[in-house]
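So you can see what is in the structure, the chains are spelled out below.
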Amino acid sequence: MTTPVSWIHAFVDLPDPLLAAGLRFWAALTGWPAGQPWRDHPEFHSLEPPDADAYLHVQRVDAAPRVHLDLVLAANTSVDDERARHLDLGAVAGERHRWWQVMTSPGGLAYCLVDGRERTRPGPTTWPDGHRSRLVQVCLDIPGAGFEAEVGFWRAATGWPPEAARFPEFARLTPPTTAPVGFLLQRLGPAEVGPVRAHLDLGTDDRDAEVERLRAAGAELVDDARPWVVLRDPAGLPFCVTPRPPD
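A brief look at the structure comes next.

Cut-offs used in this document
Residues numbered from 1 in each chain as written. Predicted model: local features only at pLDDT ≥ 70, side-chain atom pairs only at ≥ 80, totals over all residues. Heavy atoms only, no water. Buried < 20%, exposed > 50% of the residue type's maximum accessible area, 1.4 Å probe, protein only. Helix = DSSP H or I, 4+ residues; strand = E, 2+ residues; numbered from the N terminus. Pairing = 2+ DSSP bridges. Disulfide = S-S within 2.5 Å. 1 Å grid on protein atoms, 1.4 Å probe; cavity = no way out; pocket = protein on both sides within 12 Å on 5 of 7 lines; lining within 4 Å. Points joined across faces, edges and corners; volume = space filled by probe spheres on them. Nonpolar A, V, L, I, M, F, W, Y, C, P; charged D, E, K, R; others polar.

1. Concerning the pairing of strand β1 (residues 5-15)
- β1 sits mainly inside the fold: 11 of its 11 residues count as buried.
- Bridging between β1 and strand β4 (residues 66-73) involves eight bridges; their strand directions are antiparallel. Opposite Phe11, over in β4, you have His68 as the bridge partner.

Here is the structure:
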């Protein structure tokens, strides 16, 4: 599959008072240790799989907790060319850094365009009771009035084709086999307003065992009435445990 986006990084953005607890929690969630601050950007820490490349990171910010995304560009794809294309699609450009460009989607979600290189996707973590899990999906939460436009933007921006979703409030994009996460877009209820936001989804082969493990690590149960379970991390950010295969 030829697309302009070969990989996605997910960033959990936390203010300084929540950073240490957030690093501990997301390291426990993934089973991957938090690395040292990045050499040139000490506000970043990566969760480091033992056998592959990192794709989940924690960033210190002077703002409220949130999740943002980096779209890693395929080889021979220029950040500046993609910036121009995304502007034509309705995005807004922010600061240009040496190897990334800050952007905002038409619906208000922050993301970055990043120079690419070849990466290796991690496998799932196997826990002591034998069940497995891995962060497998990014989900965008979109107020209903802007849903179709935002879905169209992300289809064009990523180049990832649509696939059938099980529930009518969702749209799904098919990632290339190189990418560590899938891309789900959720239409929120009519009372939901404001900008698009993102949350992260785990896939597991034992939903109940995974939820129990995460609650013991400090997650708060929000809703378990669907095939997936909604929880919150210690900073109040929602995330889901889903029955999607962790592979």
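Still more to cover.
2. A word on the state of the cysteines
- The full count for this structure, using the stated rule, is zero disulfides.
- The cysteine Cys139 is free of any disulfide, with Cys240 supplying the nearest cysteine sulfur at 6.9 Å.
- What makes Cys139 buried here is its relative accessible area of 1%.
- Exposure remark for Cys240: the relative accessible area of 8% places this residue in the buried category.

3. Considering empty space enclosed by the protein
- Under the criterion given, the structure shown has one cavity of 30 Å³ or more.
- Surrounding the largest cavity, Leu29, Thr30, Trp32, Thr125, Ser133, Arg134, Leu135 and Leu202 form its lining.
- Elements with a minimum of two residues in the lining of the largest cavity: α1 (16-30) and β9 (132-142).
- In terms of residue class, the lining of the largest cavity is made up of four nonpolar, three polar and one charged.

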